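The primary structure of each chain is shown beneath.
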Amino acid sequence: MTSHQEAKRRADEHLREQGVRLRASGASRSARYGVWVVAYRDPAEPDAALDGGALVVTDEGGVHDMGSVPGALDDLMMALGRWPGAEPADVLGPPADGATVTDLAAWAESRR
């Protein structure tokens, strides 16, 4: 298992590779998925709130961007094939062309 410090180091490395000045500020382990969720901040403005999500670090060394909307970790884990019982149709996303508000609401409800 990747350690807390290693997860933050990998996240910092990922942020540097992206060319941003943000740095990892904390990490917590998701017991459900066995990954680290790493928050980040701007060291020049450590108390400023940032828009966006977090980084997810897997024990295999992968670093993935995660959004900030509710369920973002579940969605990312499903997209990565790490959600037990995930079906390919679950990963495809909401109805597209010609979808009605009712279709989208039913899709969103099915994802809960």
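Just above sits the structure.
A word on the overall build of the protein. What the protein contains, in helices and strands, is four helices and four strands. Moving toward the C terminus, one meets the helices and strands of the protein in the order α-β-β-β-β-α-α-α. By the burial criterion, 27% of the 112 residues in the protein qualify as buried. Sequence-distant contacts, at least 24 apart, represent 31% of the contacts inside the protein between residues at least 6 apart.

Residues of strand β3 (residues 54-57) alternate between two faces, with Ala54 and Val56 on one and Leu55 and Val57 on the opposite face, all of them buried. Sheet topology places strand β2 (residues 35-41) next to β3; three bridges connect them, and they run antiparallel. In the strand pairing of β3, Trp36 is matched with Val57. The sheet contact formed by β3 and strand β4 (residues 63-66) spans four bridges and is antiparallel. Bridge pairing in β4 links Leu55 to Asp65. Linking β3 to β4, which pair antiparallel, is a turn of five residues; within it Gly61 sits at a positive phi near 100°.

Regarding helix α2 (residues 72-79), the residues found buried are Ala72, Leu73, Leu76, Met77 and Met78. Of the residues one or two after α2, Gly81 is the one with positive phi, at around 75°.

Cut-offs used in this document
- Residues numbered from 1 in each chain as written.
- Predicted model: local features only at pLDDT ≥ 70, side-chain atom pairs only at ≥ 80, totals over all residues.
- Heavy atoms only, no water.
- Helix = DSSP H or I, 4+ residues; strand = E, 2+ residues; numbered from the N terminus.
- Buried < 20%, exposed > 50% of the residue type's maximum accessible area, 1.4 Å probe, protein only.
- Contact = heavy atoms within 4.5 Å.
- Pairing = 2+ DSSP bridges.

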